[in-house]
2 protein chains.
Amino acid sequence: MALRPKFDPETHGLNKKFRLTKYTGLHGGGCKVPDVLVKLLHELGSNQYHDEQYIGGMIMPRLGIGLDCCVIPLRFGGLSLLQTTDFFYPLIDDPYMMGKIACANVLSDLYAVGVTECDNMLMLLGVSSKFTEKERDTVIPLMIHGFKDSAEEAGTSITGGQTVLNPWCLIGGVATTVCQQNEFIMPDNAVPGDVLVLTKPLGTQVACNAHQWLEQRNDKWNRIKLIVSEDEVEKAYHDAMFNMARLNRTGGLLICLPREQAAKYCAEIKKVEGNQAWIIGIVEAGSRTARIIDKPRVIEVQTLEDGTVQSVPPTTT
Amino acid sequence: MALRPKFDPETHGLNKKFRLTKYTGLHGGGCKVPDVLVKLLHELGSNQYHDEQYIGGMIMPRLGIGLDCCVIPLRFGGLSLLQTTDFFYPLIDDPYMMGKIACANVLSDLYAVGVTECDNMLMLLGVSSKFTEKERDTVIPLMIHGFKDSAEEAGTSITGGQTVLNPWCLIGGVATTVCQQNEFIMPDNAVPGDVLVLTKPLGTQVACNAHQWLEQRNDKWNRIKLIVSEDEVEKAYHDAMFNMARLNRTGGLLICLPREQAAKYCAEIKKVEGNQAWIIGIVEAGSRTARIIDKPRVIEVQTLEDGTVQSVPPTTT
């Protein structure tokens, strides 16, 4: 993965002060939805009539809200419809990379249930009503191309969608696949002793925030510049961007495996993708909560000159 | 269909001046997408690699962009994935009815290809960042309930979706179905002599606009009040709202039929739905354009006291 030059608005004929991240009041995906809505949305999913369906001679559960990806049994011989939707406001300034990140994030929810083939993608696009014509005609095609390139990398294509004018710029999509029961894995089979493997480093939001503070040379930057250099922030931002745009296609972002398979899996990821994965935790018996152990070890992720990430050797906790 | 009382913000504890339609800068579905984007979006659809796919021993065309509903051949015995997405800004002030209208419009694109069963719905929701907490917690649940009720009326349910904060209020969804080749009809089989049947009256946007002008008592209202009364505008607005919220499930909005079947079809719609349909045109040989005949006849749609619509007997043109 070569170092991608920083997005330069002037190269594209835009004002040098153009920043895609200014075309939203929020950053990243959506918002924390207030409790009253969470309750309502859950009620949608727990409709008694639909909790079970009689299909093809079997009563099958419908799964969905609560999971990012919904699983709907179909009336055709054991097939299920798996579907997910997500959309995002700009969280980085490079429109092409933002398109790629949006697509990777939509697909990620399918990959999270072990599905690696996507039958169809729809693209959802909100063109900021605050763009000048020049900005619109420059930025939106770059975002679309990024989204399209990631979809093709994932072996799928975009066949439709919806484009609207909106104050904030928005990009996302819908990923759908139809597959057999044995082609997906529900994320509920962890057993005590299994280990947790993380396939992407955490901290991308911190890197994006630090970069924005640097750009704005604001108070927050004045505080953090005592411990990080400009170069380090630029590098972390670049790596965060690439990690967010990377498809989670090789077996999910956080997966749970028997201890003896985990090391082999990490080695395979390294071989296939050229990226490191880390064993970061262990499944214990008891209630369904996650906790940080008393003395966690920070795994520092270092970046090589060619843009790939490396880590110090991970240890199980 | 009983007359629904006009949405009264005060009944819901909101300021009497609350109007849902103020939470958008546009009205209705999206925007006219500029030419440069239309071209780009079409390029997405005409990807050579994906124009044909080799599936199950047959080369099958992929259909999609250009149509509102995309049709994707699957790798399982002749099955296809049919999918559509749409979202809207508020075009009326009743949040519950707006939810119903959004759902009916999403489903409408499936119905347009002859599919009457929807396997899954996702809901897309943009909660206006300009709502007060009280407005948000009152309006959004009403919209969700309207959307949900229409989905249930259509025999489907909502299993997931995405909710974000957005300056403008937004509601829409994704409708998906998996079916066999003989279960859908592509809208390309019209032959000269067929007649066009319209199952909903036109002019809903005009009715909504007139209602807004009346509310604002603005210059436009001062001009149209010479020819329409306040009562007529309120009634037209009410009917427009109901017509937009009506599911197009009984065979589409504008359909093409052999002349001898059309009258029977209109009679059936009347019997099943209690609503009128109109024969409004005829298919001629030649280029694929529609034109209004030299002396069109206006079919006036009258409203009965119970809220259903009636028309003067239609004639073919």
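Note that the structure is a prediction, hence the values are computed from the model and not measured. (Residues numbered from 1 in each chain as written. Chains lettered and ligands numbered in written order. Predicted model: local features only at pLDDT ≥ 70, side-chain atom pairs only at ≥ 80, totals over all residues. Heavy atoms only, no water.)

A. Highlighting the overall build of chain A. Looking only at helices and strands, one finds eight helices and 12 strands in chain A. Counting across all 317 residues of chain A, residues that qualify as buried make up 50%. Contacts spanning at least 24 positions in sequence make up 74% of the contacts within chain A whose residues lie at least 6 apart. Entry remark: accessible area of chain A is about 15500 Å², with carbon and sulfur atoms responsible for 54%. (Helix = DSSP H or I, 4+ residues; strand = E, 2+ residues; numbered from the N terminus. Buried < 20%, exposed > 50% of the residue type's maximum accessible area, 1.4 Å probe, protein only. Contact = heavy atoms within 4.5 Å. Areas by Shrake-Rupley, 256 points an atom, 1.4 Å probe, with all protein chains shown as cover.)

B. View of the sheet that holds strand β9 (residues 254-257) of chain B. All names here are of chain B. Strand order in the open sheet formed by three strands is β9-β8-β10, with antiparallel pairing between adjacent strands. Sheet topology places β9 and β10 (278-282) at the edges, where each strand pairs with a single neighbour. Recorded for the sheet is a direction-independent mean angle of 35 degrees between the axes of neighbouring strands. Pairing analysis gives four bridges linking strand β8 (residues 195-198) to β9, with the strands arranged antiparallel. Bridge assignment links Val-195 to a residue of β9, and that residue is Leu-257. (Pairing = 2+ DSSP bridges. Axes fitted to C-alpha atoms, helices over the stretch in contact; angles between N-to-C directions.)

C. Representation of helix α4 (residues 133-153) of chain B within the structure. With 21 residues, α4 of chain B should reach 30 Å at 1.5 Å per residue; the first-to-last C-alpha distance of 30 Å fits that figure. A positive phi of about 80 degrees marks Gly-155 of chain B, the residue just after α4 of chain B. (Expected span 1.5 Å × (residues − 1).)

D. Summary view of the pairing of strand β7 (residues 170-180) of chain A. All names here are of chain A. In terms of burial, β7 is a largely internal element, 10 of the 11 residues being buried. Summarising the sheet, strand β4 (residues 79-88) and β7 pair through 10 bridges and their orientation is antiparallel. Across the sheet, residue Phe-87 finds its bridge partner in β7, namely Gly-172. As paired elements, strand β5 (residues 120-128) and β7 share seven bridges and run antiparallel to each other.

E. Expanded view of the domain arrangement of chain A. All names here are of chain A. Domain assignment breaks chain A into domain 1 (9-179) and domain 2 (194-311). In this assembly, 21 residues from domain 1 lie in contact with 13 residues from domain 2. When domain 1 packs against domain 2, close to 1500 Å² is buried across both sides, 58% of that on carbon and sulfur atoms. Counting across the domain 1 and domain 2 interface gives one salt bridge. Of the charged contacts, one joins Arg-19 and Glu-215 as a salt bridge, the two residues approaching to 2.4 Å between their closest N and O atoms. At the boundary of domain 1 and domain 2, one finds three residue pairs in polar contact (both at pLDDT 80 or more). Looking at the side of domain 1 that touches domain 2, the elements with two or more residues in it are α3 (95-111) and α4 (133-153). (Domains from an automatic or database assignment. Buried area = accessible area lost by both parts, 1.4 Å probe. Salt bridge = Lys/Arg side-chain N within 4 Å of Asp/Glu carboxyl O. Polar contact = N/O pair within 3.5 Å; in protein donor to acceptor, adjacent residues only side chain to side chain.)

F. Inspection of the UniProt feature "domain: PurM-like N-terminal" (unreviewed entry) in chain A at higher detail. Taken from the UniProt record, the annotation "domain: PurM-like N-terminal" (unreviewed entry) applies to residues 68-175 of chain A. Span residues 68-175 of chain A is 35% helix and 35% strand, its end C-alpha atoms 11 Å apart. (UniProt positions renumbered as here; feature names shortened; annotations may be inferred.)

G. View of the pairing of strand β3 (residues 70-73) of chain A. Residue and element names in this part refer to chain A. Every second residue of β3 is oriented toward a common face, with Cys-70 and Ile-72 on one face and Val-71 and Pro-73 on the other, all of them buried. By the bridge criterion, four bridges tie β3 to β4 in an arrangement that is antiparallel. Each bridged residue has a counterpart across the sheet, and for Cys-70 the counterpart in β4 is Gln-83.

H. Structural view of the pattern of salt bridges. Residues and elements named next belong to chain A. Per the stated rule, a full pass over the model turns up 18 salt bridges over all chains. In this structure, Glu-284 and Arg-291 form a salt bridge, with 3.7 Å as the shortest nitrogen-oxygen distance. Each of Lys-6, Arg-19, Glu-215 and Glu-234 takes part in a single network of salt bridges with overlapping partners.

I. Structural context of the packing of aromatic side chains. One pass over the full model with this rule turns up eight aromatic pairs over all chains. Between Tyr-23 of chain B and Phe-131 of chain B, the aromatic rings sit 4.7 Å apart at their centres with planes inclined by 50 degrees, giving tilted as the arrangement. Taken together, the residues Tyr-23 of chain B in the segment before α1 (35-45) and Phe-131 of chain B in the loop between β5 (120-128) and α4 connect sequence positions 108 residues apart. Residue class for Phe-131 of chain B comes out buried when judged on its relative accessible area of 9%. Aromatic pair Tyr-89 of chain B and Trp-168 of chain B: ring centres 5.1 Å apart, planes at 90 degrees, arrangement edge-to-face. A residue pair is termed long-range when its members are at least 10 positions apart, and Tyr-89 of chain B in the loop between β4 (79-88) and α3 (95-111) and Trp-168 of chain B in the loop between β6 (158-166) and β7 (170-180) qualify at 79 residues. Trp-168 of chain B matches Tyr-89 of chain B in its accessibility class, with the two residues each being buried. By the ring-pair criterion, three or more aromatic residues cluster together here, those being Phe-18, Tyr-23 and Phe-131 of chain A. (Phe/Tyr/Trp six-rings, centres within 6.5 Å; stacked < 30°, edge-to-face > 60°.)

J. Looking closely at the side chain of His-238 of chain A. Residues and elements named next belong to chain A. Within the fold, His-238 resides in helix α7 (residues 230-245). Residue His-238 is classed as buried on the basis of its relative accessible area of 9%. Ignoring anything within four residues of it in the chain, the contact list for His-238 reads Leu-3 and Arg-4.

K. Examining the environment of Leu-124 of chain B more closely. In this fold, Leu-124 of chain B is placed in strand β5. Residue classification places Leu-124 of chain B among the buried residues on the basis of a relative accessible area of 0%. When the C-alpha positions of Leu-124 of chain B and Leu-170 of chain B are compared, they lie 7.7 Å apart, and in sequence the two are 46 residues distant. In this view, Leu-124 of chain B contacts Thr-85, Phe-87 and Leu-124 of chain A together with Thr-85, Phe-87, Gln-162, Leu-170, Ile-171, Gly-172, Gly-173 and Val-174 of chain B; residues no more than four positions away in its chain are not counted.

L. Seen up close, the packing of α3 of chain B against helix α7 (residues 230-245) of chain B. All names here are of chain B. It is at 7 Å that the axes of α3 and α7 come closest, and there the two elements cross at 45 degrees. For the element pair α3 / α7, the angle class is oblique. Contacts between α3 and α7 involve Met-97, Lys-100, Ile-101, Ala-104 and Asn-105 from the first element and Met-241, Phe-242, Met-244 and Ala-245 from the second. (Parallel < 35°, antiparallel > 145°, perpendicular 65-115°, else oblique.)

M. Region of the structure containing the sheet that holds strand β10 (residues 278-282) of chain A. Residues and elements named next belong to chain A. Taken together, three strands build an open sheet; the order of strands is β9-β8-β10 and the sheet is antiparallel. Sheet topology places β9 (254-257) and β10 at the edges, where each strand pairs with a single neighbour. The average angle at which neighbouring strand axes cross in this sheet is 35 degrees, direction not considered. As defined by bridge partners, strand β8 (residues 195-198) adjoins β10 across four bridges and the pair is classed as antiparallel.

N. How the structure looks around unusual backbone geometry. One non-glycine residue, Arg-217 of chain A, lies in positive phi territory at about 45 degrees. With respect to the helices and strands, Arg-217 of chain A occurs in the loop between α5 (204-216) and α6 (219-224).

O. Region of interest: a nonpolar patch on the surface. Residue and element names in this part refer to chain A. On the surface, Leu-253, Leu-254 and Ile-280 cluster together into a nonpolar patch covering about 240 Å² of accessible area. Assignment of secondary structure puts Ile-280 in strand β10. Owing to a relative accessible area of 35%, Ile-280 belongs among the partly exposed residues under this scheme. (Patch = residues over 30% accessible without salt bridge, like charges linked within 9 Å, V, L, I, M, F, W, Y side chains within 5 Å.)

P. Highlighting the packing of helix α5 (residues 204-216) of chain B against α7 of chain B. Residue and element names in this part refer to chain B. One can describe the packing of α5 onto α7 by two numbers: an axis separation of 8 Å at closest approach and a directional angle of 135 degrees. When the axes of α5 and α7 are compared, the pair comes out oblique. For the element pair α5 and α7, the recorded crossing hand is left-handed. Of α7, the residues touching α5 (which contributes Thr-204, Ala-207, Cys-208, Ala-210, His-211 and Leu-214) are Glu-230, Val-233, Glu-234, Ala-236, Tyr-237, Ala-240 and Met-244. Taken together, the residues that form the contact of α5 with α7 break down as nine nonpolar, two polar and two charged. (Left-handed = near helix turned anticlockwise from the far one by under 90°. Nonpolar A, V, L, I, M, F, W, Y, C, P; charged D, E, K, R; others polar.)

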